[in-house]
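# Structural overview for review
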Amino acid sequence: MDWRRIDLNLLKVLAVMLEERSVARCAERLFVSPSAVSHALAKLRQMFSDPLFVRTGGGMLPTARAQSLERSLSLLKAVLDVELEAGRVSAPGATFEPGESVRDIRIVSPGALEISLLPVLAAILRSRAPHWSLTIEPFERRSYEIDLATGRVDFVLSVGGATPTGALVDAAVVWEDELVVLAGPRSALHAGSDRISTELYLAQQHIYPVPWPTSQNYLDVELARAGKHRKIAFSVPS
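Quick look at the structure, then. Since the model is a prediction, treat every value here as computed from it, not as a measurement.

## So, the sheet that holds strand β3 (residues 104–109)
Taken in spatial order, the three strands make up an open sheet running β4-β3-β5, and their pairing is parallel. This sheet does not close on itself; its edge strands, each paired only once, are β4 (133–138) and β5 (155–156). One ladder, built from two bridges, connects β3 with β5; its direction is parallel. Across the sheet, V108 pairs through a bridge with V156, a residue of β5.

Okay, structure coming up:
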């Protein structure tokens, strides 16, 4: 298939359909009629030899082929956005003014950081970029390389920092913390030194307030590599 023979407007319809999963909402966003969207979908199905979308009770569900195209379209959109923004800023006399621009920022962050992070970010955006919108997604133990490369998310705050990143992602250590142990007044550690040995730490019964298993917790992974394990007496998901 020669791309020069393709009507690139069809790709715009496909991109919006992948976001909306609805012919009516896609038509509304593109300022065309629903029949025009249906006509474009018919051409797209013929072009890619695939149904692309299957009608269900919850909307138009993309096929595996459509989902693979979504990644490529997201990457193309991200590249075009960067080039268009660079062209606008580099124009003679043009400067980037956050207060006059409109952007949607999506940040992935562990829930524990939202209490301290979100109020600061909201205050900065309100004062410097009032037309920007901010969405916080919960952090998951997985790779975000494709999400960042395609522009689906703008920034990821990752806890642990041991996962290697590929060439498409720039990573930096923001801060490092010491291991802090909380012990109640009836604990053998309560009246002791501010610093305890690993052996004394492991001899205690532990509460595990983490949503992922010990095999995904960096502390327990490091202990296991040394042939050591904690005594977890009580586990809660948060």
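## Considering the pattern of salt bridges
When charged atoms on two side chains of opposite charge get close, those side chains can pair. Applying the stated rule across the entire model yields seven salt bridges. Linking D220 and R230 is a salt bridge whose minimum nitrogen-to-oxygen distance equals 2.8 Å. Note that D220 is positioned in helix α8 (residues 218–225) and R230 in the loop between α8 and β7 (231–236), a separation of ten residues in sequence. Looking at D220, the relative accessible area reads 11%, which means it is buried. In this structure, E222 engages R225 in a salt bridge whose closest nitrogen and oxygen atoms are separated by 2.8 Å.

## Quick look at the packing of aromatic side chains
Counted according to the given criterion, the structure contains one aromatic pair. Centre to centre, the rings of F139 and Y144 are 6.1 Å apart; their planes meet at 25 degrees, and the pair counts as stacked. Y144 carries the same exposure label as F139, and that label is buried.

## Here's the deal with the pairing of strand β1 (residues 53–56)
In this sheet, strand β2 (residues 59–62) lies alongside β1 in antiparallel orientation, the contact comprising four bridges. Note that in β2 the partner of F53 across the bridge is P62.

## Here's the deal with the nonpolar core
Counting 21 residues, the largest nonpolar core has L14, M17, V37, L44, L52 and F53 as its most contacted members. If we skip the residues at most four places from it in the chain, L44 touches L10, L14 and L52. In this structure, I105, I107, L125 and W132 belong to the second largest nonpolar core, which totals five residues.

## With respect to unusual backbone geometry
Positive phi, normally seen in glycine, also occurs at F31, with a value near 60 degrees. For F31, the location among the structural elements is in the loop between α2 (23–30) and α3 (34–48). What makes F31 exposed here is its relative accessible area of 77%. With a phi close to 70 degrees, L52 is a non-glycine residue in the positive phi region.

## Considering the packing of helix α1 (residues 8–20) against α3
A pair of packed helices is characterised by two quantities: the angle between their axes and the separation of those axes. Close contact between α1 and α3 brings their axes to 9 Å; oriented N to C, the two are set at 100 degrees. Overall, the two elements α1 and α3 adopt an arrangement that is roughly perpendicular. Across the interface between the two elements, L10, L11, V13, L14 and M17 from α1 touch V37, A40, L41, K43, L44, M47 and F48 from α3. Taken together, the residues that form the contact of α1 with α3 break down as eleven nonpolar, no polar and one charged.

Calculation notes
Residues numbered from 1 in each chain as written. Predicted model: local features only at pLDDT ≥ 70, side-chain atom pairs only at ≥ 80, totals over all residues. Heavy atoms only, no water. Pairing = 2+ DSSP bridges. Helix = DSSP H or I, 4+ residues; strand = E, 2+ residues; numbered from the N terminus. Salt bridge = Lys/Arg side-chain N within 4 Å of Asp/Glu carboxyl O. Buried < 20%, exposed > 50% of the residue type's maximum accessible area, 1.4 Å probe, protein only. Phe/Tyr/Trp six-rings, centres within 6.5 Å; stacked < 30°, edge-to-face > 60°. Core = buried A, V, L, I, M, F, W, Y, C linked by side-chain atoms within 4.5 Å. Contact = heavy atoms within 4.5 Å. Axes fitted to C-alpha atoms, helices over the stretch in contact; angles between N-to-C directions. Parallel < 35°, antiparallel > 145°, perpendicular 65-115°, else oblique. Nonpolar A, V, L, I, M, F, W, Y, C, P; charged D, E, K, R; others polar.

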